[in-house]
Amino acid sequence: MQLTAHDLGKTFGGRPILSGVSLCLAPGDRALLLGPSGSGKSTLLNLLCGLQRPDSGRVTLGDTPVDDGVRRRHFGIVFQSLRLVSALSLRGNLVLAQKLQTGGSDPARIDALLARLGIAQRAHARPHELSQGEAQRAAIARALVVRPAILVADEPTSALDAANAAAVAALLGELAEEAGASLLVATHDDRLRPHFARTLTLADGRLAA
Amino acid sequence: MIDLALAYLRDRPLTTALNVLLLAISVAMLVLLLQLGTQASARMGRDAEGIDLVVGAKGSPLQLILSSVLHIDQPTGNIPLASRALLERDPAVARVVPLALGDNFRGYRIVGTDAGFAALHRLRLAAGRSFGAPMEAVLGAEVARTTGARIGQKFTGSHGLADEDEGQDQAHDHAPFVTVGILAPTGGVADRLILTSIDSVWQVHGVKAHHGLGEEHDHHGEREAASGPEPHEPELTALLVTYRNAAGAMRVPAMIDRQSALQAAVPATETARLLDLLGASLEGLRVFAWLLAATGGLAILVALVGMVHSREGDLALLRVMGASRGQVFGTVMCEGVLTALIGSALGWIAAHGLIMVARVNFPALAELGLAAWTPLPAEAALAAAVVGIGAFAALVPALRVYRLDPVLVLARAG
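Computed from a prediction, not measured in an experiment: that's the story for all the values here.

1. Topic: the packing of aromatic side chains
Residue and element names in this part refer to chain B. Inspection of the entire model under this criterion finds four aromatic pairs over all chains. Ring plane angle 85° and centroid distance 6.0 Å describe the contact between Phe329 and Tyr402, whose orientation is recorded as edge-to-face. With Phe329 in helix 12 (residues 325-361) and Tyr402 in helix 14 (residues 377-402), this residue pair connects regions lying 73 residues apart in the sequence. Residue Phe329 is classed as partly exposed on the basis of its relative accessible area, which comes to 23%. Pairing Trp348 with Trp373 gives two aromatic rings, centres 5.9 Å apart and planes at 50°, and the pair type is tilted. Placement of Trp348 in helix 12 and of Trp373 in the loop between helix 13 (363-367) and helix 14 is noted, with a sequence separation of 25 residues between them. Aromatic ring contacts, followed pair by pair, group Phe105, Phe155 and Phe177 into a single cluster.

Structure (structure tokens):
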């Protein structure tokens, strides 16, 4: 399914954050949303995921406007800081994500994903017991365990050095491809550009041509 | 969402345990008070059913009722044998059941009476037959169960109405009883009594009654008589009176009170007075228990408000993962309700467990007929009220969560 944003506009406190943003993410796309801090990347991701409503324009997945239900069924989202629910184990987080999406859980999918990300032995660890790297991979597992059509990551490498950042970017690309998901990564880190076939540059609330 | 709520409760075990404990204590107290009040009231009502008046020696009317109807206190003394005939002559009196107390067998009272006692309490035999000849005894269901007595077995009573050490020195070995019948359980006082004829009681104490009950004679005996006319006169302890008509209530008590050695006590009046006294003293405890429940609710509120503040990131993530506002609201509500449910369940179990333990350790409670595992419908209402307190306490933090904007939390989290 294609994710389409058409002429999005958003203001906050009278200040325009986004203006006239249109983009299209086709199935299988690997896109980097690049822009400095304050350029409106997070706001654009929130609009694309249906976490916020645009003041103007619209976002659709296929022909369906994106809302809470669409986000639950079709999106996997990785944040920089909010990664896992603290009261649950890593495995519990993945089960919860699946239950929220379908009402049931798929243990085989969870096991496969944990093994693929190299954190199977940490399945019963609580979030505060995970290292930074493990927590990052756990967040990716949580986003992917629901077999999303769209995988969105907001600054997934901000706390990592160059080598680890490159590794995470490559991993996201591989996993999205394996899952058959489109990938959109928002970052200010220009070093990730080589890992993506397509780069969207956001500056002052507008996408560069 | 219930799984998640349980996970959050497990995540802060100390706070959860404290809140559960507060609610459990309050529920346990409320259930205990409810059980005590209800069972005492029911027991008194049941045991006094059909008895319009109790006639005994002068003293406390409440003591007379307790000793002669509920069998949980010492008698006020003895009364002349002729008192029975006096009452039976009154046309407003339908039935007079005599009682002669004084001995026990392993703490169970031996009650000298006649067939009217069985009719009054609607007693049925589970085995054997009713007593007839002197020294024949019929055991209450609980007596038979706890002593393991069987038909044909003999036993000897001890002086006094309780199984006290000093009583063992005054065992009536010279006059053994033989068990001829065992009563079916009634749930009332008869379960804990040993019934025999008045003549048997007199015979045990060396008082001869050749002319039968209801006639006045001079005899010799050892019976204690707090206010009897003569120390060796065949006497009775009390008379249970049933009126034939309403005129009895007007005339008989006044007629009895004119007798210098007698007093009349109305079971309904005395038990109501006792329940009033009991109720007044229990009321303070009841208020305290509800205050404790309110404190438990407040503790849940404080814990959940703190939880919402410290875990707004979690809750925002839940929304991002697709949880609806209603689901995150429900999670917080579940925490409050589950805490109250667990507290209520533990409190209920603790209350009934305490009654069970108390029955074993405090014979007076067993004599009161306090049963351990007889849930009352009001207990469900009580538990529901405490769960309601938990739900009410969770409402404010749950509404805060409902209104939570995940985007703002994400922005703050960076």
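2. Quick word on the side chain of Ser182(A)
With respect to the helices, strands and loops of the structure, Ser182(A) is situated in strand 8 (residues 182-187). When sequence neighbours within four positions are dropped, the list of residues in contact with Ser182(A) reads Leu25(A), Ala26(A), Pro27(A), Gly28(A), Asp29(A), Arg30(A), Ala149(A), Ile150(A) and Leu151(A).

3. Side note on the interface of chain B and chain A
Taken together, the 24 residues of chain B in the interface contact 24 residues of chain A. Of the roughly 2,000 Å² buried at the junction of chain B and chain A (both faces included), carbon and sulfur atoms supply 66%. On the surface where chain B and chain A come into contact, there are three salt bridges. Between Asp11(B) and Arg126(A) there is a salt bridge, with the nearest N and O atoms lying 2.1 Å from each other. Between chain B and chain A we count seven residue pairs in polar contact (both at pLDDT 80 or more) in total. Those elements giving two or more residues to the side of chain B that touches chain A turn out to be helix 1 (2-11), helix 11 (312-320) and helix 15 (406-413) of chain B. It is helix 11 of chain B that contributes the most residues to the side of chain B that touches chain A, seven residues altogether. Each residue belonging to the side of chain B that touches chain A can be placed in one class, and the counts come to 15 nonpolar, four polar and five charged.

4. Comments concerning the confidence of the model for chain B
All names here are of chain B. Averaged over chain B, the pLDDT score is 84; the fraction of residues at 70 or greater is 89%. Here residues 210-231 scores under 50 on pLDDT; set against residues more than four positions off or in separate chains, the count is 62 contacts. Scored as a complex, the prediction yields pTM 0.71 and ipTM 0.84.

5. Description of the sheet that holds strand 5 (residues 64-65) of chain A
For sheets, the rule is that strands pair by backbone hydrogen bonds, running either parallel or antiparallel. Residue and element names in this part refer to chain A. Taken together, four strands build an open sheet; the order of strands is 2-1-4-5 and the sheet is antiparallel. Edge positions in the sheet fall to strand 2 (15-25) and strand 5, since each of these pairs with one other strand and no more. Here strand 4 (residues 56-61) runs beside strand 5; their pairing, made up of two bridges, is antiparallel. Along strand 5, the bridge assignment pairs Leu61 with Thr64.

6. Here's the deal with the nonpolar core
If you look at soluble globular proteins, the nonpolar side chains tend to sit buried side by side. Counting 113 residues, the largest nonpolar core has Leu3(A), Leu44(A), Leu48(A), Phe75(A), Val85(A), Leu151(A) and Leu318(B) as its most contacted members. Filtering out sequence-adjacent residues up to four positions away, Phe75(A) remains in contact with Leu3(A), Leu48(A), Cys49(A), Leu61(A), Val66(A), Val70(A), Val146(A), Pro148(A), Ile150(A) and Val152(A).

7. Quick word on helix 3 (residues 90-102) of chain A
A rise of 1.5 Å per residue sets the reference length of helix 3 of chain A, with its 13 residues, at 18 Å; its end C-alpha atoms lie 19 Å apart and thus fit the reference within 8%. Among the residues making up helix 3 of chain A, those that are buried are Leu90(A), Arg91(A), Asn93(A), Leu94(A), Leu96(A), Ala97(A), Gln98(A), Leu100(A) and Gln101(A). On its buried side, helix 3 of chain A packs onto helix 2 (68-74), helix 4 (107-116) and helix 5 (132-144) of chain A together with helix 1, helix 11 and helix 12 of chain B. Downstream of helix 3 of chain A by one or two residues, Gly103(A) has phi in the positive range, about 90°.

Thresholds, definitions, all that
- Residues numbered from 1 in each chain as written.
- Chains lettered and ligands numbered in written order.
- Predicted model: local features only at pLDDT ≥ 70, side-chain atom pairs only at ≥ 80, totals over all residues.
- Heavy atoms only, no water.
- Phe/Tyr/Trp six-rings, centres within 6.5 Å; stacked < 30°, edge-to-face > 60°.
- Helix = DSSP H or I, 4+ residues; strand = E, 2+ residues; numbered from the N terminus.
- Buried < 20%, exposed > 50% of the residue type's maximum accessible area, 1.4 Å probe, protein only.
- Contact = heavy atoms within 4.5 Å.
- Buried area = accessible area lost by both parts, 1.4 Å probe.
- Salt bridge = Lys/Arg side-chain N within 4 Å of Asp/Glu carboxyl O.
- Polar contact = N/O pair within 3.5 Å; in protein donor to acceptor, adjacent residues only side chain to side chain.
- Nonpolar A, V, L, I, M, F, W, Y, C, P; charged D, E, K, R; others polar.
- pLDDT = per-residue confidence, 0-100.
- Pairing = 2+ DSSP bridges.
- Core = buried A, V, L, I, M, F, W, Y, C linked by side-chain atoms within 4.5 Å.
- Expected span 1.5 Å × (residues − 1).

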